[in-house]
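Next come the chains, spelled out residue by residue.
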Amino acid sequence: MHVLSPSSSFFLLFTCSFIIFFVIINSPSCLAIAANATRRPRQIFVNYYAKSCPQVEQLIGSITSQQFKEAPVSAPATIRLFFHDCFVEGCDASILIATKPGSKLLAEKDAEENKDLRTEGFDTITRAKALVESKCPGIVSCADILAIAARDFIHLAGGPYYPVKKGRWDGKISMATRVPYNLPYANSTVDQQIKLFSSKGLTIQDLVVLSGAHTIGFAHCKNFLDRLYNYKGTKQADPSIDPRLLKALKMSCPQVGGNVDIMVPFDVTTPFVFDHAYYTNIQSKLGLLSSDQGLFLDPRTKPIVQSFGRDKAKFFQAFSAAMDKMGSIGVKRGRRHGEKRKVCSMHV
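Owing to the predicted nature of the structure, the values given are computational and were not obtained by experimental measurement.

Further remarks concern the nonpolar core. Counting residues in each nonpolar core, the largest one holds 71 residues, and the members touching the most others are Phe82, Leu96, Leu210, Phe319, Met323 and Met326. Looking at this core, the element that brings in the most residues is helix H5 (residues 142-156), giving ten residues. Apart from the residues lying within four places of it in its own chain, the contact partners of phenylalanine 82 are Cys91, Leu146, Ala147, Ala150, Met323, Met326 and Gly327. Counting 18 residues, the second largest nonpolar core, distinct from the first, contains Ala219, Tyr229, Ile262 and Leu286.

Next comes the structure, spelled out in structure tokens:
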């Protein structure tokens, strides 16, 4: 394991303390810029690199398995990176582009909404790209590497393993100004989420399924502070939060003067395991974000939440299909619309 920085040590200590605290009190014994972004391309398929780079998945897998052992947070970090990439400009690795030094035009990754994306996700793709380039130079896109790495981490964390279609090219456009209206927010209503997902060609079921990725990962206090102290301007807590969870969250996230580095797990029962606990949690008022808890309160999404809460295998099957569908959003093909980067953070 890598030596943790002071902030990382604090984060780990907090996480463990939070989990222990919550387990005790809960124990029975005590992600559309343009219309064409929703079209499903014909030219991506599982065996795209069968002849040009047949070992691509093994190469990427060697990096993801190592990263998962050294820094487990790489899993939710990379999965979130993939979501944020696909929802802005399509699945084209535009999220990986770095802003040019001195430029006033910020790239996607530097948008305010993306500032919380953890470096472990970017580091994973950088390492995987370097290895793949050493074996198959100029062949595999950063966009495909990101899609494969996200799948690997889902499986490493206990989730389903599904085939990843390949053949994406990397995008030529990366603009921070295109981020805000293409991503869901922590306080997004179900109506807003449905509208956003629909603009990407995704259904209400896809929304509920893909939200299940919050079965792993963490959020900063600022993303749910209003739920604790001033829900919808009432100066009261959100009544849909379990009182025991509310107490735990207030202890960790004071209204003022709190540590901005504190992060809380989305899934307070099994935060490091990709399972279906997310759905049972929100049925028990244990959703961390307002956008998550709202899925159980809305009659359009509640039955789907209940269904996945009962059946993990059903969730895994639906999640695999939804990831394939999301991974096909806005795919670029050919030199007119795309590029093959040698370094993922730099345009060709």
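Under the counting rule described, the total for this entry stands at four disulfides. Two residues, cysteine 221 and cysteine 253, share a disulfide whose sulfurs are 2.0 Å apart. An S-S torsion of about -60° defines the bridge between cysteine 221 and cysteine 253 as left-handed. On the criterion of sequence distance, the pair formed by cysteine 221 in the loop between strand E2 (218-220) and helix H8 (225-229) and cysteine 253 in the loop between helix H9 (243-252) and strand E3 (263-265) is long-range, its members being 32 residues apart. Neither residue differs from the other here; cysteine 221 and cysteine 253 are each classed as buried.

Another point: the environment of isoleucine 95. Looking at the element boundaries, isoleucine 95 is found in the loop between helix H3 (74-87) and helix H4 (119-135). The class of isoleucine 95 is buried, set by a relative accessible area of 0%. Residues isoleucine 95 and histidine 84, spaced eleven residues apart in sequence, show a C-alpha to C-alpha distance of 7.2 Å. With near-sequence residues (within four places) excluded, isoleucine 95 lies in contact with Leu81, His84, Asp85, Glu108, Lys109, Asn114, Leu117, Phe122 and Leu146.

Scoring rules and cut-offs
Residues numbered from 1 in each chain as written. Predicted model: local features only at pLDDT ≥ 70, side-chain atom pairs only at ≥ 80, totals over all residues. Heavy atoms only, no water. Core = buried A, V, L, I, M, F, W, Y, C linked by side-chain atoms within 4.5 Å. Buried < 20%, exposed > 50% of the residue type's maximum accessible area, 1.4 Å probe, protein only. Helix = DSSP H or I, 4+ residues; strand = E, 2+ residues; numbered from the N terminus. Contact = heavy atoms within 4.5 Å. Disulfide = S-S within 2.5 Å.

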